[in-house]
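Architecture and fold: a report
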Amino acid sequence: MQEHDMSWVRTEMVLAQPAPAGVSGLGAWVRKNLIASTGDTILTIVGVALVAMILPQVINWAFINAQWTGTDRTFCATVGQGGIQPDGWSGACWAFVNAKFGQFMFGRYPIEERWRPILVAILTVVLLVPLLIPRVPRKGLNAILLFLVLPVVAFILLVGGVFGLPHVETSLWGGLLVTLSLSFVGIAVSLPLGILLAMGRRSKMPIVKTLCVIFIETVRGIPLITVLFFASVMLPLFLPAGVTFDKFLRALIGVSLFAAAYMAEVVRGGLQAIPKGQYEGADSLGLGYWQKMVLIVMPQALKLVIPGIVNTFIGMFKDTSLVSIISMFDLLGVVKQNFSYANWATAQTARSGLIFAAFVFWLFCFGMSRYSMYTERRLDTGHKR
């Protein structure tokens, strides 16, 4: 029997070696993303130059020269304007934000009752965070508490009038309380309603399809400010004498229906992207229409349009500022309303207030965007290697 030399055959696995220095680390990232080509290098240099020119001025205005404390306009005005700052001073007036922070959050909600919206906010966070974390169990119970129980509890706490709680009219609400209330209700209502409208528009029943098409195209064809104006001013004219609805409730309905129309088209795009074979496969299993949509088609469709859904949510969150047309003041409206107060009328007050409002809006929108990206990566099972 012929013998073979097996000395060249490896008898053990080679241990994993670190990647070469040229393809990993900060230097490799810079070469790949900032100076990979001549054009990238030029754009990087221009960008760094712009940042170096703008960033020091922003830091100087927002932090170094900023006025952090104070009780009136004199702390944010120059000597020539009747204040204490030297002539030529320019800095953020965070003292204005600090002094009006309670109004920015709650509007004219009674100070002694502000524990109620704070408690609602705590309950919302306690119920929402576990729902957003995949590892936390009992999602069904969590969803029931968040979307069914919490709205009832929040209504009782915020409005009052029962269980010994003083009644607080919605006309006293304002600031971030109005923004988050409109957004939460709009999101909770627009998504399921948009799904039903999308299914109705693709239905084979002529009456259902026609009604859904008319609603979607009518609402999408007019601006939100018109919807709010109609709900606030025109709707009472069509109601019987003595019958009226709370103005905040009208705004909730208008925002929810408006967002649902846009959501319907987003969901319809996801339904159209589902291959016909998925429908046929569900039919071959003997599934009914609702079983097919709930178990097979809709989960895939919603996964495909997560960016569009979140984009609609973000747009609706920012559009809540339009409720000022019906004399309701969200965060931005309350900030702008305080500009007219003589005890805080300075050149820096408006800038500081608007930047604060912009930061709060950006914080919530950025959070929704990042969670959307996380959800997309987690559900992207069809392209994992």
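This one's a predicted model, so the numbers in the text were calculated from it and none came from an experiment. (Residues numbered from 1 in each chain as written. Predicted model: local features only at pLDDT ≥ 70, side-chain atom pairs only at ≥ 80, totals over all residues. Heavy atoms only, no water.)

Side note on the pattern of salt bridges
Summed over the entire model, instances satisfying the criterion amount to seven salt bridges. Of the charged contacts, one joins Arg-220 and Glu-217 as a salt bridge, the two residues approaching to 3.3 Å between their closest N and O atoms. Here Arg-220 and its partner Glu-217 are both found in helix 8 (residues 206-220), three residues apart, which amounts to about one turn of the helix. Overall, Glu-217 belongs to the partly exposed group, its relative accessible area being 33%. Salt bridges sharing partners connect three or more residues here, namely Arg-201, Glu-217, Arg-220, Glu-265 and Arg-268. (Salt bridge = Lys/Arg side-chain N within 4 Å of Asp/Glu carboxyl O. Helix = DSSP H or I, 4+ residues; strand = E, 2+ residues; numbered from the N terminus. Buried < 20%, exposed > 50% of the residue type's maximum accessible area, 1.4 Å probe, protein only.)

Some words on the side chain of Asn-142
Looking at the element boundaries, Asn-142 is found in helix 6 (residues 139-159). Residue classification places Asn-142 among the buried residues on the basis of a relative accessible area of 9%. Not counting the four nearest positions on each side in its chain, Asn-142 is found in contact with Leu-127, Pro-130 and Leu-131. (Contact = heavy atoms within 4.5 Å.)

Some words on the packing of helix 9 (residues 224-234) against helix 10 (residues 247-273)
Each pair of packed helices can be summarised by the angle the axes make with each other and by the distance between the axes. Taken N-terminus to C-terminus, the directions of helix 9 and helix 10 make an angle of 145 degrees; their axes are 9 Å apart at the nearest point. Two packed elements cross with a definite hand, and for helix 9 against helix 10 that hand is right-handed. Contacts from Leu-224, Val-227, Leu-228, Ala-231 and Ser-232 of helix 9 reach helix 10 at Lys-247, Arg-250, Ala-251, Gly-254, Val-255 and Phe-258. Tallied by class, residues from the contact of helix 9 with helix 10 come to seven nonpolar, two polar and two charged. (Axes fitted to C-alpha atoms, helices over the stretch in contact; angles between N-to-C directions. Left-handed = near helix turned anticlockwise from the far one by under 90°. Nonpolar A, V, L, I, M, F, W, Y, C, P; charged D, E, K, R; others polar.)

Looking at the UniProt feature "domain: ABC transmembrane type-1" (unreviewed entry) in the protein chain
The UniProt record annotates "domain: ABC transmembrane type-1" (unreviewed entry) at residues 176-365. Span residues 176-365 is 75% helix and 0% strand, its end C-alpha atoms 14 Å apart. (UniProt positions renumbered as here; feature names shortened; annotations may be inferred.)

A short note on the packing of aromatic side chains
On inspection of all chains with the given rule, the structure shows 17 aromatic pairs. Judged by centre distance (5.7 Å) and plane angle (45 degrees), the rings of Tyr-371 and Tyr-374 are tilted. Here Tyr-374 and Tyr-371 lie together in helix 15 (residues 349-379), a separation of three residues that amounts to about one turn. Exposure remark for Tyr-371: the relative accessible area of 31% places this residue in the partly exposed category. The exposure class of Tyr-374 is partly exposed, given its relative accessible area of 32%. By way of ring pairs, the aromatic residues Phe-96, Phe-101, Phe-104, Phe-339, Trp-344 and Phe-356 are connected into one cluster. (Phe/Tyr/Trp six-rings, centres within 6.5 Å; stacked < 30°, edge-to-face > 60°.)

A few points about the nonpolar core
Judged by nonpolar contacts, the single largest core of 70 residues is most densely connected at Phe-104, Trp-173, Leu-271, Met-298, Val-323 and Leu-331. In terms of residues, this core owes the most to one element, helix 10, which gives 11 residues. Sequence-distant contacts of Phe-104, defined by excluding residues within four places in its chain, comprise Phe-96, Val-97, Gly-175, Leu-176, Leu-331, Val-334, Val-335, Asn-338 and Phe-356. (Core = buried A, V, L, I, M, F, W, Y, C linked by side-chain atoms within 4.5 Å.)

A closer look at helix 2 (residues 38-64)
The end-to-end C-alpha distance of helix 2 is 37 Å, a good match for the 39 Å that 27 residues give at a rise of 1.5 Å each. The largest bend in helix 2 comes to about 25 degrees, at Ile-54, with the proline Pro-56 one to four residues further on. (Expected span 1.5 Å × (residues − 1). Bend = angle between axes of the 7 residues up to and from the residue.)

Quick notes on the environment of Ser-321
Tracing the chain through its elements places Ser-321 in the loop between helix 13 (306-319) and helix 14 (331-337). In sequence terms Ser-321 and Val-334 are 13 residues apart; their C-alpha atoms lie 9.9 Å from each other. In contact with Ser-321, other than residues within four places in its own chain, are Asp-330, Leu-332 and Phe-361.

Looking at the state of the cysteines
Under the criterion given, the structure shown has one disulfide. Bridging Cys-76 to Cys-93, the disulfide has an S-S length of 1.9 Å. Since a negative S-S torsion denotes a left-handed disulfide, the Cys-76-Cys-93 link at about 80 degrees is right-handed. Of the two residues, Cys-76 is situated in the loop between helix 2 and helix 3 (94-99) and Cys-93 in the loop between helix 2 and helix 3; the sequence distance between them amounts to 17 residues. (Disulfide = S-S within 2.5 Å.)

Some points on unusual backbone geometry
With a phi angle near 55 degrees, Phe-163 is a residue other than glycine that sits in the positive phi range. Its location among the elements puts Phe-163 in the loop between helix 6 and helix 7 (176-201). Residue class for Phe-163 comes out exposed when judged on its relative accessible area of 72%. The phi dihedral of Ser-327 falls on the positive side, at around 65 degrees, and the residue is not glycine. Mapped onto the elements, Ser-327 comes out in the loop between helix 13 and helix 14.

Examining the side chain of Thr-124
Mapping Thr-124 onto the fold places it in helix 5 (residues 115-132). When its relative accessible area of 19% is taken as the criterion, Thr-124 is described as buried. Side-chain polar atoms of Thr-124 contact the backbone oxygen of Val-120, separated by 2.8 Å. Excluding residues that lie within four positions of it along the chain, Thr-124 makes contacts with Leu-146 and Leu-150. (Polar contact = N/O pair within 3.5 Å; in protein donor to acceptor, adjacent residues only side chain to side chain.)

So, the environment of Trp-173
When you line up the elements, Trp-173 lands in the loop between helix 6 and helix 7. On the basis of relative accessibility, which here comes to 8%, the residue Trp-173 falls in the buried class. Excluding residues within four positions of it along the chain, Trp-173 makes contact with Phe-106, Tyr-109, Leu-158, Val-159, Val-168, Val-178, Phe-248 and Phe-329.

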